[in-house]
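# A closer look at the structure
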Amino acid sequence: MEEEPLVSVIVPNYNYSRYLPERLDSILNQSFRDFELILLDDASTDESVQIMERYKAQRPDTRIIVNEKNGGSPFRQWMKGIQLARGKWIWIAEADDVATPDFLAACLEALAEHPKAVACLTGIQLIGPEGEPLPGKGNYWDGFPHYTTRPSACFDGRFYVNHKLYWSCCMSNASAVVFSRQAALRLTDSPFLSMRHSGDWLFWVQMALQGDVVEVYRNLDFFRRHDACVTLGGKKTGRGIEEDIFVVSEVERALPDIPRYKKRLCHGMLYRRIKHLPLTDREKDRYFALFAERLKGTKKDYTLLLWNQYLRVVFPWLLTWKRDRTLLPD
């Protein structure tokens, strides 16, 4: 019987032939070698499949699965790869990103130290279409020395959801995460599979609720930002806000003890996002109605958020999403 690899590396791709060689080179150049490689193509119309075939010649045990037609959701591709995988750990290496040679080794070392962990997140460096470093903070902990002065930290999963993932998807790039296949296989009926923009956020919430989350405070992943990026597209057009409302409602359902004041601040942030969407008033009203229906949110939550931002100058102990998110475990 063939021995199972420790890690399954899954590369979901759709029309990223421009970036595939650099991505596949960064996988094959990993210092940790005990992994299988699964390449998934979602009916690309460019030269992606030909490039995959060339790399398979370098590593014959590579599996290539090509969809006859586009599946419509990147998260269905995730689960397809997870179900094909044989490794204990999964790395979804998005086709347009890159990793340092020690990415897998660093993640596996951190996971080995924490047997209850279901996921390990590393830091990311934002890069542009040509690989150029981009300004701005790639990680929620950037600028907080009490994080960056330590190599890593381990969080109880429910704590992680409550204080970090509740506010937004701080695990913003799947390429920066190694996670448990066993835990992921429990999500085969999850609503994240039918989502287009915020499915990753819901996926990480549901994963974290199953065990601990480890963070490694080194930038080992390069997250490429470009016009074809699904996440950016949803934020620019507002199409992702409906899914965001759903994710917040799911967190509140899973963690019913979240304080009312904190909920109202989170709801106020969602209200502000809807308010500033580049949409017509009629389109915004539809989202406001959904916001009220699913979260019982109102404009008063937005007013509270504004007052909270003003008063924190005088009362620095007031709760803010940044202060809550940067809590470390005891």
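Further up the page is the structure itself.
Residues numbered from 1 in each chain as written. Predicted model: local features only at pLDDT ≥ 70, side-chain atom pairs only at ≥ 80, totals over all residues. Heavy atoms only, no water.

### Some remarks on the overall build of the protein chain
- Within the protein chain, the regular secondary structure consists of 14 helices and nine strands.
- In terms of overall size, the protein chain behaves like a compact globule, its C-alpha atoms giving a radius of gyration of 20 Å where 330 residues would be expected to give roughly 20 Å.
- Its C-alpha atoms give the protein chain principal-axis dimensions of about 60 × 45 × 40 Å.
- Counting across all 330 residues of the protein chain, residues that qualify as buried make up 55%.
- When contacts within the protein chain are restricted to residue pairs at least 6 apart in sequence, those whose partners lie at least 24 apart make up 80%.
- With the model as given, the accessible surface of the protein chain reaches about 15,600 Å², and the carbon-plus-sulfur share is 53%.
- One finds the centroid of the 45 positive side-chain charges in the protein chain at a distance of 7 Å from the centroid of its 43 negative side-chain charges. (Helix = DSSP H or I, 4+ residues; strand = E, 2+ residues; numbered from the N terminus. Rg over C-alpha atoms; globule rule 2.2 N^0.38 Å. Buried < 20%, exposed > 50% of the residue type's maximum accessible area, 1.4 Å probe, protein only. Contact = heavy atoms within 4.5 Å. Areas by Shrake-Rupley, 256 points an atom, 1.4 Å probe, with all protein chains shown as cover. Lys, Arg positive; Asp, Glu negative; His and termini not counted. Charge placed at Lys NZ, Arg CZ, Asp CG, Glu CD.)

### Here we look at the state of the cysteines
- Within this structure, the stated rule accounts for zero disulfides.
- As a non-bridged cysteine, Cys154 has Cys120 as the owner of its nearest cysteine sulfur, 9.5 Å distant. (Disulfide = S-S within 2.5 Å.)

### So, the side chain of Thr100
- The residue Thr100 is located in the loop between β5 (98–99) and α4 (103–112) in this model.
- Judged by its relative accessible area of 13%, Thr100 is buried.
- Within polar-contact distance, the side chain of Thr100 engages the side chain of Asp102 at 2.7 Å.
- With residues up to four places along the chain from it excluded, the contact list for Thr100 reads Gln30, Asn219, Leu220 and Phe222. (Polar contact = N/O pair within 3.5 Å; in protein donor to acceptor, adjacent residues only side chain to side chain.)

### Notes on helix α8 (residues 199–208)
- The element α8 is extensively covered by neighbouring structure, given that ten of its ten residues are classed as buried.
- Listing the buried residues of α8 in full gives Gly199, Asp200, Trp201, Leu202, Phe203, Trp204, Val205, Gln206, Met207 and Ala208.

### Observations concerning the pattern of salt bridges
- If you walk through the whole model with that rule in mind, you get eleven salt bridges.
- The partner of Asp102 in a salt bridge is Arg218, and the shortest N-O contact between them spans 2.4 Å. Here Asp102, found in the loop between β5 and α4, pairs with Arg218, found in strand β9 (residues 212–224); they are 116 residues apart in sequence, far enough to count as distant.
- On the accessibility criterion, Asp102 (26% relative accessible area) is partly exposed.
- Judged by relative accessible area, which is 40%, Arg218 ranks as partly exposed.
- The structure contains a network of salt bridges with shared partners spanning Glu36, Arg63 and Arg86. (Salt bridge = Lys/Arg side-chain N within 4 Å of Asp/Glu carboxyl O.)

### Comments concerning unusual backbone geometry
- Although it is not a glycine, Asn15 sits at a positive phi angle of roughly 60 degrees.
- The residue Asn15 is located in the loop between β1 (7–13) and α1 (20–28) in this model.
- Located in the positive-phi region is Lys296, a residue other than glycine, with phi close to 60 degrees.
- Mapped onto the elements, Lys296 comes out in the loop between α12 (281–295) and α13 (299–311).

### With respect to the environment of Ile124
- Locating Ile124 in the fold gives a position in strand β6 (residues 117–127).
- Sequence spacing of Ile124 and Tyr19 is 105 residues, and the spatial spacing of their C-alpha atoms is 18 Å.
- For Ile124, the residues in contact, after removing those within four places along its chain, are Gly138, Asn139, Ser172, Asn173, Ala176, Asn219, Asp221 and Phe223.

### Looking at the packing of aromatic side chains
- Taken as a whole and assessed by the stated rule, the structure comprises 20 aromatic pairs.
- Measuring from centroid to centroid gives 6.0 Å for Trp78 and Trp204, while their planes differ by 50 degrees, and the two rings are tilted. Of this pair, Trp78 sits in helix α3 (residues 74–84) while Trp204 sits in helix α8, and the two are 126 residues apart along the sequence.
- By relative accessible area, which is 3% here, Trp78 ends up buried. (Phe/Tyr/Trp six-rings, centres within 6.5 Å; stacked < 30°, edge-to-face > 60°.)

### A few points about the pairing of strand β2 (residues 35–41)
- Counting buried positions along β2 yields seven of seven residues, so the element is predominantly enclosed.
- Residues Phe35, Leu37, Leu39 and Asp41 point to one face of β2 and Glu36, Ile38 and Leu40 to the other, with burial holding for every one of them.
- Where β1 meets β2, seven bridges bridge the pair, whose relative direction is parallel. The residue bridging Asn13 from the neighbouring strand is Asp41, located in β2. (Pairing = 2+ DSSP bridges.)

### Focus on the packing of helix α6 (residues 157–165) against α8
- As a packed pair, α6 and α8 sit with axes 8 Å apart at the nearest point and diverge in direction by 145 degrees. Mapping the contact onto sequence places Gly157, Arg158, Val161 and Leu165 in α6 and Trp201, Trp204, Val205 and Ala208 in α8. (Axes fitted to C-alpha atoms, helices over the stretch in contact; angles between N-to-C directions.)

### Regarding the environment of Arg23
- For Arg23, the location among the structural elements is in helix α1.
- Remark: the alpha-carbon pair of Arg23 and Glu242, spanning 219 residues in sequence, is separated by 32 Å.
- Look past the residues within four positions of Arg23 in its chain and what remains in contact with it is Val11, Trp91, Ala93, Glu94, Ala95, Asp97, Val98, Ala99, Ser175 and Asp221.

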